[in-house]
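# Structural features, examined
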Amino acid sequence: MASSSAFFIFILISYYSKKSYGEELNNKKFPKDFMFGAATASYQVEGAWNEDGKGENMWDHITHKVPSPIVNNDTGDVACDSYHKYKEDVAMLKEMGVDFYRFSLSWSRILPSGFDNEVNQLGVEHYRNLIKELRANNITPVVTIYHFDLPQTLQDLGGLQNDFFIDRFVDFARVCFREFGEDVKYWITFNEPWSICNIGYGFGWLNATAASPGIGEYLCSHNLLRAHAKAWRMYDEEFRNDQNGLLGITISGNWFEPSTNSSADIEASETLLQFTFGFYIHPIVHGDYPEVMRKNVDHRSALQGFSQSRLPKFTQDEVQLIQGTTDFLGINMYTSSLVTLEESDDISNISYTADTGVTSWQPEEWESSGSSWLKVYPKGARQLLKWLGTNYKGIKMIITENGYSDNDGELEDDKRISYYQRYLSNIRDAMEFDGVDLFGYTAWSLMDNFEWINGYSQKFGLYQVDFNSPNRTRTPKKSAKWYSKLTRTKCIVDDCTE
Ligand code: NOJ
């Protein structure tokens, strides 16, 4: 008896330890109601940058600078020409059998001045047509209100660093709910606050946007969080009863793996996760920034001679305003880093990174993709979901982006398939073994598109786009066929057990 139970325990341990390394592919189907989708964003695919009354946005502005800060001087002027070819895009989605399409609205296409004094009916009509086409094909629209393309008029006034942004965003969101809310049941206020604020106003997009390290990212985030919360409350008061939709936010970042088992490195991981994810989700759940952020930024600000912390404080009313303002949490995840504690004594260094007191890096030997930042580390996906699920219990989560880039956009993209398989396996593990409550997964991206400062040099698409042809011809890659099978079978391997 003793020996048989020892044997049983041995089997159990080896099963779970194998699972915990995340190397074997999970062969359980995803639940029946689990949704699979694909994503894009307005500036990255639409083109038609100055057609039908659209106003200039900050990416039109950046990409038209001379000299251009973008690889190969690429622009999104035409991009995938989705403004004209949206029916083809929907046909591709249909072909892949996805449940939903995540796309974003171009603010300056709908409100050319950035303000709500003039609504561009042709812009509104474009999105109505897209949504209609999706619904006709039984594909659910998941709509991001803001995905990086701020109207240039608002950027000129300081963009998200200026608190006038808060009400401008609420005005824009109101127009979106009013015009499209009858047919849209999933809304995402902001895509990747961390990137908007840290890359946009902290580091600067490789000199493409203004940078004010250690200050800009906090001002921007403070305004973004209040804008998100006000828009959520406005939806609640003015639209929810009639429209019955769900309003969430999409946060992003790496999984930060402690570089050793030391308690210092474990603390480094926790700190950076708080500074990356907690930065946004903590206020939304608990009404305020994570304790470690408050402590670190207050401390360094005081040493640096600031009479007030560089991390602004919410008033009591704002705490009330923000707390509880999300119906679900979107997560964009691609990669991981190793971390160690490295507190800086150099108080002249005013920056977010110095505030974290953590150094992170990606080891050379980690499998790479076609991009410098995207190392393939599938088990990070499970770890991150587990961390979010444990820290923010009870929140429904959806992966709003995950994907792999190469540089040539080849059709036989086995590496992309392998990436998807291994990441999805870890995601399935997180659901099965760690109790993570996930209701959907989104592949980034439906097709190759404008990858911000990297232009068209990095390709994430399930469909290849020929950027040399005026037609912007789309061709399914091997991964698109693989994804079609997944959406139909809910299974990432050849054969699944139920
Ligand atoms: C995050 C962004 O949301 C998306 O716009 C970008 O193309 C992908 N990640 C890949 O970098």
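These numbers come from a predicted model, not from an experiment.

A few words now on the packing of helix 10 (residues 216–238) against helix 12 (residues 263–286). At their nearest, the axes of helix 10 and helix 12 sit 10 Å apart, and the two run at 35° to each other. Like other packed secondary-structure pairs, helix 10 and helix 12 cross with a definite hand, here right-handed. Across from Glu217, Tyr218, Ser221, Leu225 and His228 in helix 10, the residues of helix 12 making contact are Phe275, Phe279, Tyr280, Pro283 and Ile284. Tallied by class, residues from the contact of helix 10 with helix 12 come to seven nonpolar, two polar and one charged.

The next point concerns the state of the cysteines. What the rule picks out here adds up to two disulfides. Between the sulfur of Cys197 and that of Cys220 lies a disulfide, 2.0 Å long from S to S. Residues Cys197 and Cys220 are joined by a disulfide whose S-S torsion is about -65°; by sign, that bridge is left-handed. Of this pair, Cys197 sits in helix 9 (residues 193–203) while Cys220 sits in helix 10, placing them 23 residues apart in sequence.

The next point concerns the side chain of Thr356. Within the fold, Thr356 resides in helix 15 (residues 352–356). Polar contacts involving the side chain of Thr356 include one to the main-chain amide nitrogen of Val358, which spans 3.1 Å. Those residues within four positions of Thr356 in sequence are excluded, and the remaining contacts are Thr271, Leu272, Phe275 and Asn296.

What follows covers the site of the ligand. Lining the immediate environment of the ligand, one finds Gln44, His147, Asn191, Glu192, Asn332, Tyr334, Trp373, Glu401, Trp444, Glu451, Trp452 and Phe460. In this structure, Tyr334 approaches the ligand through a side-chain N or O atom, which is 3.3 Å from a nitrogen atom. In this structure, an oxygen atom belonging to the ligand sits 3.3 Å away from a side-chain N or O atom of Trp444. Coverage of the ligand by the protein chains reaches 95% of its 300 Å² of free accessible surface. Within the shell around the ligand, the residues separate by chemical class into five nonpolar, four polar and three charged.

Cis peptide bonds are those with omega within 30 degrees of zero, and the linkage from Val66 to Pro67 qualifies with -10°. With respect to the element layout, Pro67 can be found in the loop between helix 3 (58–63) and helix 4 (82–96). Here the amide bond leading from Trp444 into Ser445 is cis, since omega sits at 15°, within 30 degrees of zero. As for its placement among the helices and strands, Ser445 is situated in the loop between strand 11 (438–444) and strand 12 (463–465). Despite not being glycine, Asp52 shows a phi value in the positive range, around 50°. With respect to the helices and strands, the residue Asp52 is situated in the loop between helix 2 (42–45) and helix 3. Exposure remark for Asp52: the relative accessible area of 36% places this residue in the partly exposed category. A positive phi angle is found at Asn73, which is not glycine, with a value near 55°. Relative to the assigned elements, Asn73 resides in the loop between helix 3 and helix 4.

The next point concerns the packing of helix 17 (residues 414–433) against helix 18 (residues 478–489). At their nearest, the axes of helix 17 and helix 18 sit 8 Å apart, and the two run at 30° to each other. Viewed along their axes, helix 17 and helix 18 adopt a mutual orientation that is roughly parallel. Viewed along their axes, helix 17 and helix 18 form a crossing whose handedness is right-handed. For the pair helix 17 and helix 18, contact is made by Asp414, Arg416, Ile417, Tyr420, Gln421 and Leu424 and by Lys478, Ser479, Trp482 and Leu486, respectively. Of the residues contributing to the contact of helix 17 with helix 18, the split by class is five nonpolar, two polar and three charged.

The rules behind each value
Residues numbered from 1 in each chain as written. Predicted model: local features only at pLDDT ≥ 70, side-chain atom pairs only at ≥ 80, totals over all residues. Heavy atoms only, no water. Axes fitted to C-alpha atoms, helices over the stretch in contact; angles between N-to-C directions. Helix = DSSP H or I, 4+ residues; strand = E, 2+ residues; numbered from the N terminus. Left-handed = near helix turned anticlockwise from the far one by under 90°. Contact = heavy atoms within 4.5 Å. Nonpolar A, V, L, I, M, F, W, Y, C, P; charged D, E, K, R; others polar. Disulfide = S-S within 2.5 Å. Polar contact = N/O pair within 3.5 Å; in protein donor to acceptor, adjacent residues only side chain to side chain. Near = heavy atom within 4 Å. Areas by Shrake-Rupley, 256 points an atom, 1.4 Å probe, with all protein chains shown as cover. Buried < 20%, exposed > 50% of the residue type's maximum accessible area, 1.4 Å probe, protein only. Parallel < 35°, antiparallel > 145°, perpendicular 65-115°, else oblique.

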